[in-house]
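Observations on the three-dimensional arrangement
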Amino acid sequence: MPEPLTAGELLALDKQHVWHPYGPMPGRVDPLVVESASGVRLRLAEPVDGVAELIDGMSSWWSAVHGYNHPVLNEAAQQQLGRMSHVMFGGLTHEPAVRLATRLVEITPEPLRHVFLSDSGSVSVEVAVKMCLQYWRSVGRPGKQRLLTWRGGYHGDTWQPMSVCDPDGGMHALWSGVLPRQIFADAPPTGFDAEPDPAYVAHLRELVARHADELAAVIVEPVVQNAGGMRFHSPAYLRVLREACDEHGVLLIFDEIATGFGRTGPLFASGHAGVSPDVLCLGKALTGGYLTMAATLCTSRVAEGISRGEVPVLAHGPTFMANPLAAAIANASIDLLLARDWRTDVKRIEAGLREGLAGAAELPAVREVRVLGAIGVVELDHDVDMAAATRAAVRAGVWLRPFRNLVYTMPPYITGDEDVARICAAVRAVAAAG
Ligand code: PLP
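The rules behind each value
Residues numbered from 1 in each chain as written. Predicted model: local features only at pLDDT ≥ 70, side-chain atom pairs only at ≥ 80, totals over all residues. Helix = DSSP H or I, 4+ residues; strand = E, 2+ residues; numbered from the N terminus. UniProt positions renumbered as here; feature names shortened; annotations may be inferred. Contact = placed C-beta atoms within 7 Å. Domains from an automatic or database assignment. Nonpolar A, V, L, I, M, F, W, Y, C, P; charged D, E, K, R; others polar. Pairing = 2+ DSSP bridges. Axes fitted to C-alpha atoms, helices over the stretch in contact; angles between N-to-C directions. Buried ≥ 20, exposed ≤ 12 C-beta atoms within 10 Å, placed from the backbone.

Another aspect to go through is unusual backbone geometry. Along the chain, M25 connects to P26 via a cis peptide bond; the corresponding omega equals -5°. Along the chain, P26 turns up in the loop between α1 (7-17) and β1 (34-38). P111 follows E110 through a cis peptide bond whose omega is 0°. Despite not being glycine, S60 shows a phi value in the positive range, around 45°.

Put into structure tokens, the structure is as follows:
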């Protein structure tokens with residue numbers, strides 16, 4: 001074993017050599033060095049402002065729904081490690097993948113029936129788009145190759161997903177001239193409980209109808225637009241899209257990479273609307289945040305359409321497709337989620353967030369406080385200084401990652417009431433500091 005690096009050495013090497021998400025190179029700010037994580041606590045290698053342990057308010061970007069170092073997931077990983085950590089999926093198959101695919105078909109809405117297991121959320125969106133484009137080519141409608149989405153969305157950082165991210169100053173606006181040209185509807189009016197706006201409904205219907213001949217699919221994040229602004233909208237718009245897509249022969253993709261596995265209340269956010277997509281993307285909490293794995297599910301109609309084509313296969317096959325270790329952990333994570341009854345946890349956290357964040361609404365710079373399921377958001381009237389905001393949360397003993405004008409949290413489902421209250425206090429502190 002090499003000698004452990006001191007925190008100072010580690011940070012110097014990190015800045016020189018290691019890219020971070022949306023980071024410059026060389027690095028300019030010191031990331032916090034995490035030594036270990038257990039339950040809902042992240043342990044720092046060295047205390048920062050006297051704080052050595054942080055309550056995780058982020059679930060590592062929606063993924064660690066059971067917290068960290070969970071004995072059940074550890075056991076599943078160890079058992080599978082003893083058998084095989086990876087094997088190619090071309091020409092071979094294995095029990096963890098078959099069990100997982102079958103389980104996903106059981107727990108997702110009908111008529112989703114076929115599962116492509118890939119290695120990240122962005123890739124699952126690539127696969128979803130490829131499925132839809134290929135479907136239309138295969139059934140003799142090669143002109144249907146574009147996507148419609150609504151503004152304010154986020155679907156990942158690879159090429160097709162970037163093309164359906166928010167085009168208005170969003171994270172990938174730099175590439176707007178070279179990405180595939182997609183069709184953008186206005187962002188849905190906000191408010192989960194708001195009555196659907198007839199003018200917006202008409203706008204959606206009109207766009208789908210007008211572009212039907214060139215549209216392969218509509219792709220949206222159901223109920224929560226996540227990294228594009230943490231906005232909630234009425235489930236009614238999902239029903240409108242379903243109807244418009246059916247009427248005009250367009251496929252519908254739901255990207256539930258962030259919202260899947262109970263985060264908004266029902267197991268999948270589309271459950272709020274009671275509609276099912278033709279293609280569904282899952283990731284993040286699929287493995288309880290343990291390993292990188294994602295899934296794209298589609299209906300028999302889509303799969304059979306592809307199989308009728310001139311190239312009757314889906315030409316996609318990543319090296320780490322259906323990784324057995326990740327699949328075994330995903331199976332254990334789904335069992336754990338259903339056994340714990342995530343609804344009880346999510347409802348309890350929702351109540352804690354509503355109570356704990358209510359006071360933030362009185363702060364001068366706060367534009368809105370919103371809570372849905374185990375998601376709490378405080379929207380400010382100005383952008384935060386990210387480093388200062390993160391530091392303020394750390395001083396309150398909590399890990400948060402505010403961005404733009406949003407201070408938000410989506411804690412692990414195992415977070416206890418006292419820790420939820422501490423997370424809310426940290427969110428309020430950041431919002432108050434501006
Ligand atoms: N889609 C949504 C809705 C997401 O929230 C994300 C990630 O935040 C992605 C896609 C991309 O997933 P990944 O980061 O695993 O590639």
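Moving on from the model shown.
Right, let's get into the UniProt feature "binding site: substrate" (unreviewed entry) in the protein chain. Summarizing the sequence annotation, UniProt attributes the feature "binding site: substrate" (unreviewed entry) to W61, Y154, K284, G317 and R401 in the numbering used throughout. A maximum C-alpha distance of 33.8 Å shows the annotated residues, which cover 341 residues in sequence, to be distributed over more than one spot. In this fold, Y154 is placed in the loop between β5 (146-150) and α6 (159-163). Not counting chain neighbours up to four residues away, the residues in contact with Y154 comprise C165, D166, N226, A227 and G228. Relative to the assigned elements, K284 resides in the loop between β11 (279-282) and β12 (294-299). Here K284 is in contact with W61, W62, S63, G121, I257, A258 and G289, once residues within four sequence places are set aside.

For the rest of this paragraph, the subject is the domain arrangement of the protein chain. We note that the domain assignment places domain 1 (32-62 + 341-433) and domain 2 (73-339) within the protein chain. Spacing between the C-alpha centres of domain 1 and domain 2 amounts to 27 Å. Across the boundary between the two partners, domain 1 contributes 15 residues, which contact 13 residues of domain 2. Looking at the side of domain 1 that touches domain 2, the elements with two or more residues in it are α2 (59-62), α11 (342-358), β13 (366-372), β14 (375-380) and β16 (406-409). The element that contributes the greatest number of residues to the side of domain 1 that touches domain 2 is α2, accounting for four residues. Here the residues of the side of domain 1 that touches domain 2 sort into eleven nonpolar, three polar and one charged.

Ordered in space as β1-β2-β3-β15, the four strands form an open sheet in which the pairing is mixed. Sheet topology places β1 and β15 (398-399) at the edges, where each strand pairs with a single neighbour. The pairing of strand β2 (residues 41-48) with strand β3 (residues 51-56) spans four bridges and is antiparallel. Across the sheet, R41 pairs through a bridge with I55, a residue of β3. Across the face of the sheet, helix α12 (residues 386-395) comes into contact with β2, β3 and β15 while running at roughly 100° to β3.

Secondary-structure assignment places L400 in the loop between β15 and β16. The exposure class assigned to L400 is buried, which follows from the 24 C-beta atoms found within 10 Å. In this structure, the C-alpha to C-alpha distance between L400 and I423, residues 23 residues apart in sequence, is 8.5 Å. Once residues within four sequence positions are removed from consideration, L400 is found in contact with G57, M58, T390, A393, V407, T409, A426, V427 and V430.

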